[in-house]
Amino acid sequence: MAIPSGYQKIAIPWGGSLLGNIYVWINPKGGNQTVYIQSDENTVESSRSKTLTFKTTTSGLSTTAQSVASLKVTQAAATYTYTLTISSDNYAHSASGDSSILYATLVTYRNGKQISSSSVIPDYTFSGTHTGFNIDSETEEVVSDDRGTTVGSTRSCKVYATIYVNGRTVTSNTITITQEENIEYLNTITLTGSASSGTVTTIPYTGGTVTWTARGNYKYTSGSTTTKTRTSNCSWSVSGTGATQSSNKTTWSLNDGSANRSATVRAYMLDPGTGETINGYATTTQLKDNYVAAQYSSVVATYS
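Computed from a predicted structure; not experimentally measured. (Residues numbered from 1 in each chain as written. Predicted model: local features only at pLDDT ≥ 70, side-chain atom pairs only at ≥ 80, totals over all residues. Heavy atoms only, no water.)

Observations regarding the packing of aromatic side chains
When we look at a pair of aromatic rings, we describe it by the centre distance and by the angle of the planes.
Phase 1 of the analysis: Following the criterion strictly, the structure yields 1 aromatic pair and no others.
Phase 2 of the analysis: Relative to Tyr 36, the ring of Tyr 7 lies with its centre 5.5 Å away and its plane at 70°, an arrangement referred to as edge-to-face. Highlighted residues: Tyr 7 in the segment before strand E1 (8-13) and Tyr 36 in strand E3 (residues 36-39), separated in sequence by 29 residues.
Phase 3 of the analysis: The ring of Tyr 23 is capped by Lys 9, whose NZ or CZ atom sits 4.5 Å from the centre of that ring. (Phe/Tyr/Trp six-rings, centres within 6.5 Å; stacked < 30°, edge-to-face > 60°. Helix = DSSP H or I, 4+ residues; strand = E, 2+ residues; numbered from the N terminus. Lys NZ or Arg CZ within 6 Å of the ring centre and 35° of its normal.)

This is how it looks when you write it as structure tokens:
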């Protein structure tokens, strides 16, 4: 507001508990004139009013005879607005479980101008589903579970905050925290078995069967490991001589040859994580027939 030259500034306190002044610019030498009025900022959330009285100072007239005019000046209530912003030090969790510290900043605006910015501790809340995540109210952290041996795709949670300020609830932005997928990998296949005769590694020349059990040794993105019986999930084959394969059963026929013979059983299946074929092997030896024929040059029999 541009004030013309020759005007005089008068400061009038709002009075009482109200802070600041009203400022009036008048031309003390002028007659009819424009009066300029300003005020300090109103910092309270209620309007305030004050009546200004203007009197003429005409020479030769008593005070009571002077012209009087009143003007009621009202200043609007202060307007406070707030912005609550949250953030985190970690937005991507590992499959083995992790944590994210939450931070919140409250910015206060009065009459459209920022007057403060400070860290606050609001109430944090999940928005929507949040399987595997929880909020620790004491540490202000979002904590994710160890996914262990549970296979699953990437999962996430959304978090926002609220705080109560001067009679109103202020809601923050929403942040997303994600936990990586948990993939199952097949490391190795181990075979154990039971033999109908002899042992798993040594079958007699007369033959027999070995029934195999296949166990898969798995690891996970989370770092966990486990072993699962996978006999019915495997494919089976046998290489060598003297044995046939039916599912997980190896059958040995009579070995009527002059040497031991062996065969290797293979169990195989696809790694669910990479799609590669993982193999497990076991080798069994079948003994030869150790029968030895004895020949005699002469036999003498004596009878009583």
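A word on the side chain of Asn 248
Phase 1 of the analysis: Locating Asn 248 in the fold gives a position in the loop between strand E21 (243-246) and strand E22 (249-252).
Phase 2 of the analysis: Within the structure, Asn 248 has its side chain in polar contact with the backbone oxygen of Trp 212 (distance 2.7 Å).
Phase 3 of the analysis: Discounting chain neighbours no more than four positions away, the residues touching Asn 248 are Val 210, Thr 211, Trp 212, Thr 231 and Trp 236. (Polar contact = N/O pair within 3.5 Å; in protein donor to acceptor, adjacent residues only side chain to side chain. Contact = heavy atoms within 4.5 Å.)

Description of the environment of Tyr 185
Phase 1 of the analysis: Note that Tyr 185 resides in strand E16 (residues 184-195).
Phase 2 of the analysis: In sequence terms Tyr 185 and Gly 275 are 90 residues apart; their C-alpha atoms lie 9.3 Å from each other.

Notes on the sheet that holds E3
Phase 1 of the analysis: Strands sit in the order E1-E2-E3 across an open sheet of 3 strands; the sheet is antiparallel. For this open sheet the edge positions go to E1 and E3, each flanked by a neighbour on one side alone. Sheet twist, expressed as the average angle between the axes of neighbouring strands with direction ignored, equals 20°.
Phase 2 of the analysis: Strand direction decides the pairing type here: strand E2 (residues 21-26) and E3, joined by 4 bridges, are antiparallel. Bridge assignment links Ile 22 to a residue of E3, and that residue is Ser 39. (Pairing = 2+ DSSP bridges. Axes fitted to C-alpha atoms, helices over the stretch in contact; angles between N-to-C directions.)

Re the nonpolar core
Across soluble globular proteins, nonpolar side chains show a tendency to be buried alongside one another.
Phase 1 of the analysis: Leu 84, Leu 106, Tyr 124, Val 142, Cys 157, Val 159 and Ile 163 are the most contacted members of the largest nonpolar core, which has 21 residues in total.
Phase 2 of the analysis: Among the secondary structure elements, those contributing two or more residues to this core are strand E6 (80-88), strand E8 (99-110), strand E10 (123-127), strand E13 (155-165) and strand E15 (175-179).
Phase 3 of the analysis: With 5 residues, E13 is the largest single contributor of residues to this core.
Phase 4 of the analysis: Apart from residues lying up to four places away in sequence, Leu 84 is in contact with Ala 104, Thr 105, Leu 106, Val 120, Pro 122, Ala 161, Thr 162, Ile 163, Val 170, Thr 171, Ser 172 and Asn 173.
Phase 5 of the analysis: If you look at the next biggest cluster of nonpolar residues, it comprises 19 residues, including Ile 189, Trp 252, Ala 263 and Met 269. (Core = buried A, V, L, I, M, F, W, Y, C linked by side-chain atoms within 4.5 Å. Buried < 20%, exposed > 50% of the residue type's maximum accessible area, 1.4 Å probe, protein only.)

Nothing here speaks to function; it is geometry throughout.
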